[in-house]
Amino acid sequence: MRSRRAGQDSACPALLRRAARALAILPSEQREAIVLFEIDGFSIEEIAGLQRASQSAVKSRLSRGRERLRRHYERLGYRSRRDGAPAGEALKLSEGRRS
């Protein structure tokens, strides 16, 4: 399926691989909701129709999936915006972590 946000610049291959690995940890319904919403640009209502679920269920899947991804990245040493980092800094390695 072609992304509705096709005009955006492509991310580097390493970042795409890292994101794909992170998405793979999610249950399929959460992963599908996040990809459809964040990458393909579908609305909550559209995703609800595709997943044959209520809009509330889709919102829960998005929220739980994002939380799981946030915890996954924090375990890897990345800071989240919840820690006060500016949006552009959110995925940079925390200070003191060595690769």
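Thresholds, definitions, all that
Along every chain, residues carry numbers that run from 1 in the direction the sequence is written. Totals for whole chains, interfaces and linings use all residues, but because this is a predicted model, local features are given only for residues with pLDDT of at least 70 and pairs of side-chain atoms are given and counted only at 80 or more. Based on all heavy atoms of the structure, the side-chain values leave hydrogens and waters out of the count. Lines fitted to the C-alpha atoms define the axes, with helices restricted to the stretch that makes contact. Angles between their N-to-C directions range from 0 to 180 degrees. By the criteria applied, helices consist of DSSP H or I runs no shorter than four residues and strands consist of E runs no shorter than two, each listed in order from the N terminus. What sets the label is the angle itself: under 35 degrees gives roughly parallel, over 145 gives roughly antiparallel, 65 to 115 gives roughly perpendicular, and the rest give oblique. Crossing handedness is defined as follows: a turn of the near helix away from the far one that is anticlockwise and smaller than a right angle gives a left-handed crossing, while the clockwise case is right-handed. Throughout, a contact is declared for two residues whenever any of their heavy atoms are within 4.5 Å. Residues belong to one nonpolar core when they are buried, are Ala, Val, Leu, Ile, Met, Phe, Trp, Tyr or Cys, and are joined through side-chain atoms within 4.5 Å. When a residue's accessible area, from a 1.4 Å probe over protein chains only, is under 20% of the maximum for its type it is buried; when over 50% it is exposed; and in between it is partly exposed. A helix is expected to reach a length of 1.5 Å times the quantity of its residues less one. Read the arc as the range of directions from the helix axis to the C-beta atoms. Per residue, pLDDT measures the predictor's confidence, with a range of 0 to 100. Aromatic rings from Phe, Tyr and Trp, taking only the six-membered ring of Trp, are treated as a pair when their centres fall within 6.5 Å; an angle between ring planes under 30 degrees marks them as stacked, one over 60 as edge-to-face, and anything in between as tilted.

**Topic: the packing of helix H2 (residues 28-39) against helix H3 (residues 44-51)**
Phase 1 of the analysis: Two elements in contact, H2 and H3, have axes separated by 10 Å at closest approach and are oriented at 140 degrees. Taken together, H2 and H3 sit at an angle that is classed as oblique. Where H2 crosses over H3, the handedness of that crossing is right-handed. Judged by residue contacts, Glu 29, Glu 32, Ala 33, Leu 36 and Phe 37 of H2 engage Ile 44, Ile 47, Leu 50 and Gln 51 from H3.

**Some details on the nonpolar core**
Phase 1 of the analysis: Core analysis: the largest hydrophobic core is formed by 15 residues, its most contacted members being Leu 23, Leu 26, Ile 34, Ile 47, Val 58, Leu 62 and Leu 69.
Phase 2 of the analysis: Where this core is concerned, the elements lending two or more residues are helix H1 (13-23), H2, H3 and helix H4 (55-75).
Phase 3 of the analysis: Broken down by element, this core gets its largest block of residues, four residues, from H4.
Phase 4 of the analysis: Ignoring anything within four residues of it in the chain, the contact list for Leu 62 reads Ala 33, Ile 34, Phe 37 and Ile 44.

**Examining H4**
Phase 1 of the analysis: For H4, which comprises 21 residues, the first-to-last C-alpha distance of 30 Å matches the rise-based estimate of 30 Å (1.5 Å per residue) to within 8%.
Phase 2 of the analysis: If you check which residues of H4 are buried, you get Val 58, Arg 61, Leu 62, Gly 65, Leu 69, His 72 and Tyr 73. What you see down the axis of H4 is that its buried residues fit within an arc of 100 degrees, all on one side. Across from the buried face of H4, at angles greater than 90 degrees, the exposed residues are Ser 56, Arg 64 and Arg 75.
Phase 3 of the analysis: On the buried face of H4, the contacting elements are H1, H2 and H3.
Phase 4 of the analysis: Downstream of H4 by one or two residues, Gly 77 has phi in the positive range, about 100 degrees.

**Let's talk about the confidence of the model for the protein**
Where the model shows low pLDDT, its predicted coordinates should not be examined in detail.
Phase 1 of the analysis: Across the protein, the average pLDDT comes to 81, with 69% of residues at or above 70.
Phase 2 of the analysis: Mean pLDDT across the elements of the protein ranges from a minimum in H1, with 88, to a maximum in H3, with 98.

**Concerning the packing of aromatic side chains**
Phase 1 of the analysis: Throughout the structure, instances matching the rule amount to one aromatic pair.
Phase 2 of the analysis: Taking the centre distance of 5.6 Å and the plane angle of 90 degrees together, the rings of Tyr 73 and Tyr 78 count as edge-to-face. For the pair Tyr 73 and Tyr 78, a shared accessibility class is recorded, and that class is buried.

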